[in-house]
Amino acid sequence: MLNVLTVPAFQDNYLWLIHDGTHAAAVDPGDAEPILAALDAHGLSLAAILLTHHHADHVGGVPALLARHSVPVFGPRNDGIDVVSRTLTGGDQVVLDRPALRLEVIDVPGHTRGHIAYHAPEQGWLFCGDTLFAGGCGRLFEGTPEQMAASLMKLAGLPEQTQVFCAHEYTLSNLRFAAAVEPGNEALQERIRAEQAKRDAGQPTVPTTVGLEKATNPFLRYAEPAIADQMIAAGHVSSREPIAVFAALRAWKNVFR
Ligand code: ZN
Ligand code: FE
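What comes next concerns the included structure.

What follows concerns the coordination of the iron ion (ligand 2). Geometrically, a metal with four donors at the corners of a regular tetrahedron has ideal angles of 109.5 degrees, and one with six donors at the corners of a regular octahedron has ideal angles of 90 or 180 degrees. Donor atoms from the polypeptide that coordinate the iron ion (ligand 2) comprise Asp57 (OD), His58 (NE2), Asp130 (OD) and His168 (NE2), at 2.1 to 2.3 Å from the metal. Motif for the iron ion (ligand 2), donor spacing along one chain: D-H-x71-D-x37-H. For the pair the iron ion (ligand 2) and the zinc ion (ligand 1), the metal-to-metal distance amounts to 3.3 Å, and aspartate 130 bridges them.

It is worth spelling out the sheet that holds strand β2 (residues 13-19) at this point. Strand order in the open sheet formed by six strands is β1-β2-β3-β4-β5-β6, and the pairing between neighbours is mixed. The open sheet terminates on both sides in strands that have one partner only, identified here as β1 (3-9) and β6 (86-88). Along the sheet, successive strands turn relative to each other by an average axial angle of 25°, direction set aside. Two strands pair when backbone bridges link them, and β1 and β2 are joined in this way by seven bridges, in the antiparallel orientation. Among the inter-strand pairings, asparagine 3 is bridged to a residue of β2, identified as histidine 19. Strands in contact with helix α1 (residues 32-42) are β1, β2, β3 (23-27) and β4 (45-50); relative to β1, the strand with the most contacts, it is inclined by about 140°.

Attention now goes to the pattern of salt bridges. One pass over the structure, following the stated rule, counts 10 salt bridges. Glutamate 122 is paired through a salt bridge with arginine 102; the nearest N and O atoms lie 2.9 Å apart. Within this pair, whereas glutamate 122 is found in the loop between β9 (116-120) and β10 (125-129), its partner arginine 102 is found in strand β8 (residues 101-107), the two being separated by 20 residues in sequence. Given a relative accessible area of 25%, arginine 102 falls into the partly exposed group. Shared partners join several salt bridges into a network, and the residues in it are Arg191, Glu195, Lys198 and Glu213.

Turning next to the coordination of the zinc ion (ligand 1). Protein coordination of the zinc ion (ligand 1) is provided by His53 (NE2), His55 (ND1), His111 (NE2) and Asp130 (OD), with donor distances spanning 2.2 to 2.3 Å. Classification of the site at the zinc ion (ligand 1) as irregular follows from its four donor atoms and the range of 86 to 172° in their angles at the metal. Summarised as a motif, the one-chain spacing of the donors to the zinc ion (ligand 1) is H-x1-H-x55-H-x18-D. Look at histidine 53 and you get buried, because its relative accessible area is 0%. On the basis of relative accessible area, histidine 55 is assigned to the buried category, the value being 16%.

Rules used throughout
- Residues numbered from 1 in each chain as written.
- Chains lettered and ligands numbered in written order.
- Predicted model: local features only at pLDDT ≥ 70, side-chain atom pairs only at ≥ 80, totals over all residues.
- Heavy atoms only, no water.
- Donors = N, O, S within 2.8 Å, 3.2 Å for Na, K, Ca; no water.
- Pairing = 2+ DSSP bridges.
- Helix = DSSP H or I, 4+ residues; strand = E, 2+ residues; numbered from the N terminus.
- Axes fitted to C-alpha atoms, helices over the stretch in contact; angles between N-to-C directions.
- Contact = heavy atoms within 4.5 Å.
- Salt bridge = Lys/Arg side-chain N within 4 Å of Asp/Glu carboxyl O.
- Buried < 20%, exposed > 50% of the residue type's maximum accessible area, 1.4 Å probe, protein only.
- Tetrahedral: all angles 85-135°; square planar, octahedral: opposite > 155°, others 65-115°.

Geometric values such as these leave the question of function open.
This is the structure in structure tokens:
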């Protein structure tokens, strides 16, 4: 029986520990200190590190963790991370003995060139770094709108109940943008109330689910005619062509306040 521990770090990052009560795999340990503290507090020993992409807030803690724990570091082949000891690409599997865990690797370029996501089909878990966020998606630092849209569609194709462990608490600001893009979406209005209540209670809004994202996240809903019409009316795009709408959504989000 596996569980996932949420380890907050920096301003708004979530690091994850997948564990069986004894052994843990750390996902995107951008900072070693909170990971070491969580391992200690829960009596866990680190057995593996899993990385989604090269940004410092996802890999920065790896050297300090390796100094104390000699463990394999799984990560993308094409993202330029020198601490990775086991390179992965889409279609690969990660099979760990402790914790007993099988992960399927999905290529999700867009935020970075080589970004990967990890899907645990038996548990219904997805660790997707800075690709799919609750109510939003990652910025296009290295990829194109076409690539990011295709990456998000792969994730949207996972079972609806899949729990999505994304790497940042950006949900409320993402949902404010979503409401500007799709004001008539009743599920979105309901979600905003529910997520606001979680934040008011000091709780994370992550994990989310694939089903909830498909119902409320404009970056999975860019082919909806209502979104295209709203984007055209607001002067952000001139056609309903889905990738043009997606690109316009991402560009508007970059400057939306
Ligand atoms: Zn990033
Ligand atoms: Fe990040």
